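Structural description and commentary
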Amino acid sequence: MNADRVIEIRSLNKSFGDFQVLTNVDLNVSLGERIVICGPSGSGKSTLIRCVNGLEQYDSGGITVDGISLSAPGGVDRVRAEVGMVFQQFNLFPHLTVIENLTLGPMKARGLSRKDADALAMEYLERVKIPEQAQKRPRDLSGGQQQRVAIARSLCMAPKIMLFDEPTSALDPEMISEVLDVMVELARDGMTMLVVTHEMGFARKVADRMVFMDGGEIVETGTPAEVFEAPKTQRFKSFLDKIL
Ligand code: ADP
Ligand code: MG
């Protein structure tokens, strides 16, 4: 295994009943690499990244994260300890305050004291620029603020890799940039990121590589410069024509 290769996806296949949602997907991600995955609705993007942290099971092929095979005994738990995930719907605990949302995982899973967990949580709330919201409930925050809490909550678990599944597509337009700005900073800090998004400005800014999926397959990959300049396939070209 290449030591820099933190995610290896080999010949991944998955069906829901008779419907094949992923077909022979191969993807390798290097340490610090930023990958943007795009493609039409229903093309298998969410299923693919959910497979990476064991939220979905695959039928054949394999996934290795930081040298840990998901199919090894205890593999899913060990992989999840290294992988953070942010969803379209923020999935915060509604009955907990913002800071309690952040401290729960570190106290339970990482054994931090409340004092240390609080300090860690405040550090990340400052990083996502909402320390003043610490004592509020999620429902009292805007969507953009809630998504930044969700990102901070993930970061409190010290992940080595972050997965994002359309993190801005449930947000009002004026809130999209405040979330993307946090993600750009995370990328600049060197985080390995797999991001499903149709925000092509973000992709241009941070993606090392773009992956275009259609019909459960990876149809095309390339740098943003390559794919925006001249997509190789007609399928990617017509997709870009629709969203740009
Ligand atoms: P994308 O994220 O690209 O929109 P998804 O990975 O969510 O695509 O879904 C790909 C296809 O798999 C869609 O046709 C969807 O309806 C189907 N699918 C997703 N999850 C399930 C499920 N739990 N059961 C059955 N079909 C599913
Ligand atoms: Mg999806």
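Rules used in this analysis
Residues numbered from 1 in each chain as written. Chains lettered and ligands numbered in written order. Predicted model: local features only at pLDDT ≥ 70, side-chain atom pairs only at ≥ 80, totals over all residues. Heavy atoms only, no water. UniProt positions renumbered as here; feature names shortened; annotations may be inferred. Pairing = 2+ DSSP bridges. Helix = DSSP H or I, 4+ residues; strand = E, 2+ residues; numbered from the N terminus. Buried < 20%, exposed > 50% of the residue type's maximum accessible area, 1.4 Å probe, protein only. Arc of directions from axis to C-beta. Contact = heavy atoms within 4.5 Å. Near = heavy atom within 4 Å. Areas by Shrake-Rupley, 256 points an atom, 1.4 Å probe, with all protein chains shown as cover. Nonpolar A, V, L, I, M, F, W, Y, C, P; charged D, E, K, R; others polar. Phe/Tyr/Trp six-rings, centres within 6.5 Å; stacked < 30°, edge-to-face > 60°. Lys NZ or Arg CZ within 6 Å of the ring centre and 35° of its normal.

The chain is annotated in an unreviewed UniProt entry as Amino acid ABC transporter ATP-binding protein from Marivita cryptomonadis. If you open the UniProt record of the chain and go to Sequence similarities (unreviewed entry), you find "Belongs to the ABC transporter superfamily."

Another aspect to go through is the pairing of strand S4 (residues 60-65). Here strand S1 (residues 5-16) runs beside S4; their pairing, made up of five bridges, is antiparallel. Residue pairing across strands places Asn 13 opposite Ser 60, the latter belonging to S4. Bridge count for S4 against strand S5 (residues 68-69) is two bridges, and the pairing is antiparallel. Along S5, the bridge assignment pairs Thr 64 with Ser 69. A loop of two residues connects S4 with S5, the two strands running antiparallel in sequence, and Asp 66 in this loop sits at a positive phi of about 50 degrees.

Right, let's get into unusual backbone geometry. Of note, Asn 91 is a non-glycine position whose phi angle comes to about 60 degrees, a positive value. Following the sequence through the fold, Asn 91 ends up in the loop between strand S6 (83-86) and helix H3 (98-109). Under the relative-accessibility criterion, Asn 91 is labelled partly exposed at 43%. A positive phi angle, near 65 degrees, is found at Lys 129, a position not held by glycine. Relative to the assigned elements, Lys 129 resides in the loop between helix H4 (114-127) and helix H5 (143-155). Overall, the relative accessible area of 49% leaves Lys 129 in the partly exposed class.

A few words now on helix H9 (residues 234-243). All of the buried residues in H9 are Phe 236, Phe 239 and Leu 240. Each buried residue of H9 sits inside an arc of 95 degrees when the element is viewed along its axis, so together they form one side. Of the exposed residues in H9, the ones pointing more than 90 degrees away from its buried face are Gln 234, Asp 241 and Lys 242. Of the surrounding secondary structure, the elements contacted by the buried residues of H9 are strand S3 (34-38), helix H7 (200-206), strand S9 (209-214), strand S10 (217-222) and helix H8 (224-229).

A few words now on the environment of Met 210. Along the chain, the position of Met 210 falls in strand S9. Taking the C-alpha atoms as reference points, Met 210 and Val 184, 26 residues apart in sequence, are found 16 Å from one another. Once residues within four sequence positions are removed from consideration, Met 210 is found in contact with Val 36, Cys 38, Met 200, Ala 203, Glu 220, Thr 221, Gly 222, Thr 223, Pro 224, Val 227 and Phe 228.

On to the site of ligand 1. What surrounds ligand 1 is the set Phe 16, Phe 19, Val 21, Pro 40, Ser 41, Gly 42, Ser 43, Gly 44, Lys 45, Ser 46 and Thr 47. Computed on the free molecule, ligand 1 has an accessible area of 560 Å², of which 59% lies beneath the protein chains in the complex. For the shell around ligand 1, the leading source of residues is helix H1 (residues 45-52), giving three residues. For the shell around ligand 1, the residue count by class is four nonpolar, six polar and one charged.

Per the counting criterion, the structure on display carries two aromatic pairs. Relative to Phe 236, the ring of Phe 212 has its centre 4.4 Å away and its plane inclined at 10 degrees; by these criteria the two rings are stacked. Of this pair, Phe 212 sits in strand S9 while Phe 236 sits in helix H9; the two residues are 24 residues apart in sequence, bridging distant segments of the chain. There is no split in this pair, since Phe 212 and Phe 236 are both buried. On the numbers, 5.3 Å between centres and 40 degrees between planes, the contact of Phe 212 with Phe 239 is tilted. Of this pair, Phe 212 sits in strand S9 while Phe 239 sits in helix H9, and the two are 27 residues apart along the sequence. The pair formed by Phe 212 and Phe 239 is uniform in burial state, with each residue classed as buried. The structure contains a cluster of three or more aromatic residues connected by ring pairs, namely Phe 212, Phe 236 and Phe 239. Geometry around Phe 93 places Arg 153 over its ring, the cationic atom sitting 5.1 Å from the centre.

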